[in-house]
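Notes for the structure review
Single-letter residue listing:
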Amino acid sequence: MLVKLETRSNRVKGLAFHPKRPWVLCSLHNGYIQLWDYARGVLIERYHDHDGPVRGVDFHSTQPLFVSGGDDYKIKVFNYKQHRCIFTLLGHLDYIRTVQFHPENPWIVSASDDQTVRIWNWQSRQSAAVLTGHNHYVMCAAFHPTEDLVVSASLDQTVRVWDISGLRQRTLAPTSMGGRPMGGGGGGGGGGGDLFGSGDCVVKFVLEGHERGVNWVSFHPTLPLIASGADDRTVKLWRYNEVRAWELDTLRGHVNNVSCCMFIPKMDLVISNSEDKSIRLWDVTSRSAVTTFRRESDRFWVLAVHPEKCLVACGHDNGMIVFKFDRERPAHAVFKDTLYYVYDQKLRAYFYQSGDDTIVTELSALHAASSSRLQKIPRQMVVNSTGDHLLIIRDKDAREVVLFSVKPRGLGSLSAQRVVSLYSACGAAFVSFDRFVTVDRSDNVLVHDLEGKTRKRISLSGAKPEMILPGSRGTFLLKADAKVILFDLQSGESSRHLYANNVKGAVWNKEGTHVAIMCRNVVHIATSDLKTLCVLRESGRVKSGAWNEESKLPVFVYGTRSHIKYALMTGDRGIICSMDAPVYITRVVESTMHFVDRSGKNGRMELDMSECQLKLALLEQRFDEVLRIVQTGHMSGEAIIAYLQKRGYPEVALHFVKDARTRFDLALECGNVDVALSCAHDLSDAECWHRLGAVALGQGIFDVVEMAYQRTRDFERLSFLYLVTGNVEKLRKMLAIAQARKDVQARFHNALLLGDVEERVRVLAEAGQIRLAYACAVAHGLEVSDQLAAAIAADEEARVEREGGEPLPLPTVSENAALLFPPTPLSRNESSWPRLTVAQSYFDTVASAARTGPAGGAAAEAAAAGALGEGVDFGDAWGADDLDIDGDDSAAKAQGAAVEAVSSAPAQGGAPDASGDGGAGGWDADLELEGDELDAAVAETGVASGAAESYYVPPPRGQGVAEGWRGSVVAADLAAAGDFASMARALHEQIGAVNIGTVADVALRVYESTATVLPTMPSTPAVVMAVKGDVRQNAVQPRAIATLPVLMTDLKRALQLVTEGKFAPSKDLLHSMLKRILFTVVDTKHEENELRELVGVVREYSLAMHMELQRREIAKTDPVRAVELACYFSHCQLQPVHLMLALRQAMTACFKVKNYVSASSFARRLIELNPKPEIAAQARKVMQVCDQMPTDAHPLRYDSRNPFDLCTKDLLPLYRGSAVSRCSYCAATFSPSYNGQLCVLCKIGEVGRAAPGLVCMRQRQRGGVGSVVAPPVAHSAGLSASAEVPSDSPTTGEDFSRRDGDEFGDFDF
């Protein structure tokens, strides 16, 4: 059983598959109808229109309709596009058991406890016929897929087959013999014909044989067979013809009532479920049991079989399961131009070039006759490097590996011979052309030769193998403990590993340099040594993939359920095309994709790889190819522009955009002020001119800055621009403009910048600030001070007469007052800053060539060649005067003649001497230093005789200890070396850190702790010395200050604060731990795992504290939201003592707002944790009260039965199947709408960014880069309610043990 979807809900009574879309409809005993997308695991819609249980549902085959019937005696027809019930059919007098649409006619058949079967015309919304004859509840009724038959089952122990051909004739005719309209029959049960049965529908057969009531009956879609299940615990097969019907066989095996049974046409099977908590499969041909699926606690009630796919849905007491019995993916392997695959128990070969498909051998003989069909499907196939041997892994349960030898049999055909059959616990893989590996029952890796003999045994210490995957030459991959481990066969040891869950397979490229590890919803792209390059996450399941064999750079093409996509090594990906049905990719060559579908048919498809080729050309900087693709491709312009902006090529996107607004934004991004200025003129937008001015100011283009400020009338910035450029004349014009505008503040500001004291005094006086004007005039010695003094005296006299008191003295000026004048500009900077003259880019050259004239493509091509550096004259800016190589300048000719003369002159002294420097005679005059000249210089400088021998020449400066730390990839080493830029870059690459300022304080502490300052002589700088740590393998590393024991101690303190209810200090301490973890250095793999698990523990408690603080803030203003947060808090992975506190809090909060159903569920969870007796007694009392009032007064956005993650940003649940994004560092969950934003929990990582993980272990081996701590992935909140924390924490003295399935692992505190 391969489960596609499992839900938790109330008892499921009805199920139906949509014939085309991946939807399943389920009706519940509590009156709800749920519409699920089983491919994505998402609940699409809920309907609650019935009063009471809903027992039957069905989709229409072509219309957007579904029908339901319930215990309220009503049949309702819904339109799922309108999300509502469109009409109701009334007529039944008791519970309605099943409803079904006719595949062709506008009919609905319904079975009811009123002992009738009714056929309704849903177009006229009237009853078409009433079939009477049963004398007990009718439990089921169904149309035949192609014939005019209806079958019904009743508790009167009979199965009846009805002939409705008369109803078809009457319905298809415009009017009947009696004159009734088309689709006639009384509406809503009216008319005598409906009361006693319709003459258009007659009983054809009555099947008697069951000893108790019959619960279900169904037709075979193609054969004249009927299957029925009853309370006598049997399933009966019936056969019929035109004359009679008879019992074919009885299938026994269930030990309780059989609830439902159906045919699975594609597999010739009958499936049945029962109240004995089992699902059984029966072979129609042999009429024997095939297999049984059991559940321990759930009774099964209803089944649904997909009409086209091998899918089954089953409803039970607590939800439903959608599953298929086996994989539909044909096992296949590719060798050069040949595809080997298995379909219909045959090993086949498909030749890509010719398209021939041949049978190599039959596989049915490999299996025992008693083995069922479900146990015969091969799971995996591997071919060796020479293509002459195949490994077929037969079955997941039997774990049998069969080795075949493949040989050519003739022209275009092959034959295979079985060599040996071996046991393997988890598959097999070739490690060379003549060796393959398996795993025995003791979890040892066995190396076999091509005869099946064991040649080597490798013990796996501590690893529990789950799957063997192929590797590059001499290696293989082993999935164990949520990791994919790379094993070297020669050394017998694991070299590297990669964290991955739900691994399905591994695909290597042709060169063996890259591997794609495909998981259920994730694809990991890595190098041959499992260094992660990128991680691709999909909302749906990944089906298959292959590497493009002809691409220069590695390109991986993979398929999901509905799309074909590509991925590059940089993490870029895109959708190539959509698919109606899943296909399995076997090979990709350039733009041709080969695949095999679920029916075993091979096909090929031409893919539009324009988008992928564009991105590859940008990576290789082949801009001519970029231009060709953009001009000839059929891609969305917005998508191209967005990608070029994202990847740092706005100047490239600028040449493909015509919209002025977009061109303006791109021009600013790439710093092209000329293009931005042209676009700003076209837009005439103040905001655009403001942005242009800021960019132009940064580049020193003052004329553009001045124009931008003038267009936006930004007078203050204009004045400051004229001040810094020394343009006094225009600054005076700004003063005149301020006077004309009557702007007092601007006048004073410009006068201050100009140093115009008279104007400043005048402005102050006019503004009524006479005392300030007087003080300014006196300080600068102006003559107007006497006039201002008189004015001040007059004002004071008037004030004294009006208010009384003493007059205030005149303001005095301090003796130390300094005059305020602006600096005098020494020179005016009227021109812009100089810019370097560079060659035009490829796109600028093509664009200019296209504008200059009708030269056409030849001119553009020649210009493009010049842009790429082919025969280009770069001009005077590159010093062409000194590089005149091909010209006819006389100076160059003279220089060439001199060189030729020197080279042709004979060496002085004849032939070369034995020392080998005989040809250096031309250098003798320049190399000799005459003794008289040297002695004269010595005498002149006063150097003592013989001092030359003792003269000290200082050695060159060596490399400091800290300099050696700069080559590390560990953030702590880079911070200790003071290389904070490299540290920020490393954290960005490893964990996707986007807010480095958060960890600046910790980085500075690391630097300060590893540096010692030694004072020296006065007036000389101090000496900074690095503090060394341990010396390991001749590598001196800095002393580590952030260690795992210190972090564990802080974790205990944080848990103690949580217990004491000090949530804010605990949250601060946890956030500090997240920052210090980045600078923690470990020495062993065990410590590395503990550090990774510690991040998960800190994340869970940080989220819990964040949620609790939010709850306390809104407890009084929004009590319902506070209750929701309390409910979410109880699903955080906490220590049991804290979880009990959270559950008590949630129970109390729900009880106070009268949400008794929720309070009861929290009380039940609290009791399961075995609390103290008084707490358990209180919880039982709450349960007793709540069970008597099972209602919720307030609807909450909380479903305890449906597992969920919690969005850290808005604190809302993301139920299973919803798309989830995670922080690149702490792995906190978010809604995808927050992708690209800063994580609110750690305030370091980016939401939705894929990161390889923190490097926390220093490299020890040559070529190593250290160990990587990948971000821990949180489990769904509904899966677990506790997390591992120290058992010796001060919060409790209990013995702390882990629950199964918890992600944090075991700590060693």
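Our subject is the structure that appears above.
So, here is what we can say about the structure in this document. (Residues numbered from 1 in each chain as written. Predicted model: local features only at pLDDT ≥ 70, side-chain atom pairs only at ≥ 80, totals over all residues. Heavy atoms only, no water.)

With that settled, the discussion passes to the overall build of the protein. Summing up its helical and strand segments, the protein has 32 helices and 65 strands in all. For the protein, long-range pairs separated by at least 24 residues make up 48% of all intrachain contacts whose partners lie at least 6 apart in sequence. In the form shown here, the protein has an accessible surface area of approximately 63900 Å², with 50% of it arising from carbon and sulfur atoms. (Helix = DSSP H or I, 4+ residues; strand = E, 2+ residues; numbered from the N terminus. Contact = heavy atoms within 4.5 Å. Areas by Shrake-Rupley, 256 points an atom, 1.4 Å probe, with all protein chains shown as cover.)

Our next topic: the pairing of strand 25 (residues 288–294). Relative to strand 25, strand 24 (residues 278–283) is paired through six bridges, and the arrangement is antiparallel. Each residue of the ladder has a partner; that of Ser-278, found in strand 25, is Arg-294. (Pairing = 2+ DSSP bridges.)

Here the focus is the side chain of Asp-298. Residue placement: Asp-298 occurs in the loop between strand 25 and strand 26 (300–305). The class of Asp-298 is buried, set by a relative accessible area of 1%. A polar contact is formed between the side chain of Asp-298 and the side chain of His-316, at a distance of 3.5 Å. Side-chain polar atoms of Asp-298 contact the side chain of Asn-318, separated by 2.6 Å. Sequence-distant contacts of Asp-298, that is, excluding residues within four places in its chain, are made with Arg-8, Lys-277, His-316, Asp-317 and Asn-318. (Buried < 20%, exposed > 50% of the residue type's maximum accessible area, 1.4 Å probe, protein only. Polar contact = N/O pair within 3.5 Å; in protein donor to acceptor, adjacent residues only side chain to side chain.)

A word on a nonpolar patch on the surface. A cluster of nonpolar side chains, contributed by Tyr-1007, Val-1013 and Val-1024, occupies part of the molecular surface with about 260 Å² of accessible area. Residue placement: Tyr-1007 occurs in helix 25 (residues 1000–1009). A relative accessible area of 30% means that Tyr-1007 is categorised as partly exposed. (Patch = residues over 30% accessible without salt bridge, like charges linked within 9 Å, V, L, I, M, F, W, Y side chains within 5 Å. Salt bridge = Lys/Arg side-chain N within 4 Å of Asp/Glu carboxyl O.)

A few words on the packing of aromatic side chains. With the rule as written, the count across this model stands at 24 aromatic pairs. With 5.5 Å between their ring centres and 5° between their planes, Phe-476 and Phe-487 make a pair best called stacked. One end of the pair, Phe-476, is in strand 42 (residues 475–480); the other, Phe-487, is in strand 43 (residues 483–488), and 11 residues separate them in sequence. The exposure classification of Phe-476 matches that of Phe-487, with both residues buried. Grouping aromatic residues by their ring pairs yields a cluster made of Trp-23, Tyr-47, Phe-59, Phe-66, Phe-78 and Tyr-80. Above the face of the Trp-301 ring, Lys-13 is positioned so that its terminal group lies 4.4 Å from the ring centre. Here Arg-244 stacks its cationic end above the ring of Trp-246, 4.2 Å away from the centre of that ring. (Phe/Tyr/Trp six-rings, centres within 6.5 Å; stacked < 30°, edge-to-face > 60°. Lys NZ or Arg CZ within 6 Å of the ring centre and 35° of its normal.)

Turning our eyes to something else, we now look at the sheet that holds strand 51 (residues 563–568). The four strands lie next to each other as 49-50-51-52, forming an open sheet whose pairing is antiparallel. The open sheet is flanked by strand 49 (542–547) and strand 52 (573–578), the only strands paired with a single partner. Averaged over all neighbouring strand pairs, the angle between strand axes comes to 25°, with direction disregarded. Where strand 50 (residues 555–560) meets strand 51, five bridges bridge the pair, whose relative direction is antiparallel. Looking at the pairing, Phe-556 lines up with Ala-567 of strand 51. Packing against the sheet, helix 3 (residues 610–619) makes contact with strand 50, strand 51 and strand 52, and its axis sits at approximately 5° to strand 51. (Axes fitted to C-alpha atoms, helices over the stretch in contact; angles between N-to-C directions.)

Quick look at unusual backbone geometry now. Of note in this structure, Ala-482 is not a glycine but carries a positive phi near 60°. By secondary structure assignment, the location of Ala-482 is in the loop between strand 42 and strand 43. Given a relative accessible area of 31%, Ala-482 falls into the partly exposed group. You will see that Asn-502, though not glycine, has its phi angle at about 55°, which is positive. Looking at where Asn-502 falls in the secondary structure, it is placed in the loop between strand 44 (493–499) and strand 45 (503–508). Judged by relative accessible area, Asn-502 falls into the partly exposed class, the value being 41%.

If you look at the biggest cluster of nonpolar residues, it comprises 95 residues, and the most contacted ones within it are Leu-1078, Phe-1079, Leu-1094, Met-1107 and Tyr-1225. Considering every element that reaches this core, the biggest residue donor is helix 28 (residues 1085–1114), with 10 residues. Ranked by size, the runner-up nonpolar core spans 49 residues in total, among them Phe-17, Leu-269, Ala-304 and Phe-325. (Core = buried A, V, L, I, M, F, W, Y, C linked by side-chain atoms within 4.5 Å.)

This part covers the side chain of Thr-158. Position of Thr-158 relative to the elements: it lies in strand 16 (residues 158–163). At 2.7 Å, the side chain of Thr-158 and the side chain of Asp-156 are in polar contact.

This brings us to the pattern of salt bridges. On inspection of all chains with the given rule, the structure shows 48 salt bridges. Lys-20 is the salt-bridge partner of Glu-308, the closest N and O atoms lying 3.3 Å from each other. Of this pair, Glu-308 sits in the loop between strand 26 and strand 27 (312–316) while Lys-20 sits in the loop between strand 2 (12–17) and strand 3 (23–28), and the two are 288 residues apart along the sequence. Overall, Lys-20 belongs to the exposed group, its relative accessible area being 58%. For Arg-717, the salt bridge identified is with Asp-714, shortest N-O distance 2.5 Å.

What follows covers the environment of Ser-385. Turning to its location among the elements, Ser-385 is positioned in the loop between strand 33 (380–383) and strand 34 (389–393). Taking the C-alpha atoms as reference points, Ser-385 and Ser-432, 47 residues apart in sequence, are found 6.9 Å from one another. When near neighbours in sequence (up to four residues on either side) are disregarded, Ser-385 contacts Phe-335 and Phe-433.

This paragraph deals with the packing of helix 28 against helix 29 (residues 1119–1129). Relative orientation of the contacting elements helix 28 and helix 29 amounts to 160°, with a least axis distance of 9 Å. The angle between the axes of helix 28 and helix 29 places the two elements in the roughly antiparallel class. For the element pair helix 28 and helix 29, the recorded crossing hand is left-handed. On helix 29, the residues that touch Ala-1104, Met-1105, Met-1107, Glu-1108, Gln-1110, Arg-1111 and Ile-1114 of helix 28 are Pro-1119, Arg-1121, Ala-1122, Leu-1125, Ala-1126, Tyr-1128 and Phe-1129. Residue composition of the contact of helix 28 with helix 29, grouped by class: 10 nonpolar, one polar and three charged. (Parallel < 35°, antiparallel > 145°, perpendicular 65-115°, else oblique. Left-handed = near helix turned anticlockwise from the far one by under 90°. Nonpolar A, V, L, I, M, F, W, Y, C, P; charged D, E, K, R; others polar.)

What follows is about the sheet that holds strand 8 (residues 74–79). The strand order across the open sheet built from four strands is 6-7-8-9, with neighbouring strands paired in antiparallel fashion. The open sheet has two edge strands with one neighbour each: strand 6 (54–59) and strand 9 (84–90). Adjacent strand axes in the sheet meet at a mean angle of 20° when their direction is disregarded. Sheet analysis places strand 7 (residues 65–70) next to strand 8, joined by five bridges and oriented antiparallel. Each residue of the ladder has a partner; that of Phe-66, found in strand 8, is Phe-78.

In this section: the pairing of strand 28 (residues 319–324). For strand 28, the buried fraction is high: six of the six residues fall into the buried class. Burial along strand 28 is two-sided: the residues Gly-319, Ile-321 and Phe-323 and Met-320, Val-322 and Lys-324 are all buried. Bridging between strand 1 (residues 2–8) and strand 28 involves six bridges; their strand directions are antiparallel. Bridge pairing in strand 28 links Glu-6 to Ile-321. Where strand 27 lies against strand 28, five bridges are found, and the strand directions are antiparallel. Of the residues in strand 28, the one forming a bridge with Val-312 is Phe-323. Between the antiparallel neighbours strand 27 and strand 28 lie two residues.

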